[in-house]
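Observations on chain architecture
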Amino acid sequence: MNPKFSLIGLGNILLRDEGVGVHAVEALRKKYDFPDLIRLLDGGTMGLDLLPYLEGMEKILFIDAVDLKKKPGTIAVLEDDEIPSILRPALSFHQVGLSDLLFASKFMGMKPSKITLIGIQPEKIETGLNLSEILNESFGKLLETILEKLREWGVEFREKTRRGLADVHRHSL
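Only a predicted model underlies this, so the values are computations on that prediction, with no experimental measurement involved.

**Focus on the sheet that holds strand 1 (residues 5-10)**
Pairing within the open sheet is mixed, and its five strands lie in the order 3-1-4-6-5. Bordering the open sheet on either side are strand 3 (38-44) and strand 5 (75-79), each of which pairs with just one other strand. Recorded for the sheet is a direction-independent mean angle of 15 degrees between the axes of neighbouring strands. Both strand 5 and strand 6 (residues 114-120) contribute to a ladder of five bridges, which runs antiparallel. Each residue of the ladder has a partner; that of E79, found in strand 6, is T116.

**Quick look at helix 1 (residues 20-31)**
In a regular helix each residue adds 1.5 Å, so 12 residues correspond to 16 Å; helix 1 covers 16 Å between its end C-alpha atoms and thus fits that length. When helix 1 is considered as a whole, its buried residues turn out to be V20, G21, V22, A24, V25 and L28. Buried positions along helix 1 lie against strand 1, strand 2 (32-33), strand 3, strand 4 (59-65), strand 6 and helix 5 (133-152).

**With respect to the nonpolar core**
Counting 27 residues, the largest nonpolar core has L7, F34, I146 and L150 as its most contacted members. Of all the secondary structure elements, the ones that give two or more residues to this core are strand 1, helix 1, strand 3, strand 4, strand 6 and helix 5. Top element by residues in this core is helix 5. It accounts for seven residues. Excluding its chain neighbours within four sequence positions, the residues that come into contact with L7 are V25, L28, I38, R39, L40, L41, L61, I63, I146 and L150. Grouped together as the second largest cluster of nonpolar side chains are 21 residues, I60, I83, M110 and I115 included.

**As for the pairing of strand 3**
Side chains on a regular strand alternate between the two faces of the sheet. Taken across its seven residues, strand 3 has five buried, putting it largely inside the fold. As paired elements, strand 1 and strand 3 share six bridges and run parallel to each other. Paired with F5 across the bridge in strand 3 is I38.

**Considerations on unusual backbone geometry**
Of note, the phi angle at R16 is positive, near 50 degrees, even though the residue is not glycine. With a phi close to 60 degrees, K69 is a non-glycine residue in the positive phi region. Topologically, K69 is positioned in the loop between strand 4 and strand 5. Its relative accessible area of 62% is what places K69 among the exposed residues.

**So, the pattern of salt bridges**
A complete count under the given rule lists 11 salt bridges for this structure. We note a salt bridge from D80 to K114, for which the minimum N-O separation is 3.0 Å. Here K114 lies in strand 6 and D80 lies in the loop between strand 5 and helix 3 (82-87), a separation of 34 residues in the sequence. Of the residues examined, D80 reaches a relative accessible area of 22% and is grouped as partly exposed.

What counts, and at which threshold
Residues numbered from 1 in each chain as written. Predicted model: local features only at pLDDT ≥ 70, side-chain atom pairs only at ≥ 80, totals over all residues. Heavy atoms only, no water. Pairing = 2+ DSSP bridges. Helix = DSSP H or I, 4+ residues; strand = E, 2+ residues; numbered from the N terminus. Axes fitted to C-alpha atoms, helices over the stretch in contact; angles between N-to-C directions. Expected span 1.5 Å × (residues − 1). Buried < 20%, exposed > 50% of the residue type's maximum accessible area, 1.4 Å probe, protein only. Contact = heavy atoms within 4.5 Å. Core = buried A, V, L, I, M, F, W, Y, C linked by side-chain atoms within 4.5 Å. Salt bridge = Lys/Arg side-chain N within 4 Å of Asp/Glu carboxyl O.

Right under this line is the structure:
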């Protein structure tokens, strides 16, 4: 079965909170089994190189550090036309890449019917591999926000167990 949905984590993991999108996708991949209808992707800082991964997708969920001008750890869910409007005032650390990607996908007739961006306000964008303490504290809530969006889209997933067997996810992290 070809995937219909993509979950794409954006960010640079060498710049602490900037890499939160990539860390989120990796944490979900490690903890849950997802069906073939969804592709989990470390989009890193690929920008327009992500265009082929949008082709044929019905829905795309991006995860990224976004400057919401709010308290660090604040999470926002942006849908479709809300995304470019928040990126225009230079509020995302990937705004050029993501803005260009969304424009190119629309221009080429490849734009999915649904695009969602789950953004979290970073605290520290500096050299380092670990998330800040505040983003570590908000990380579980970020993951639950992502999982809730996937549930809304009808994506069923299973929590992995230590023995490699899967239990049905019961809305807990």
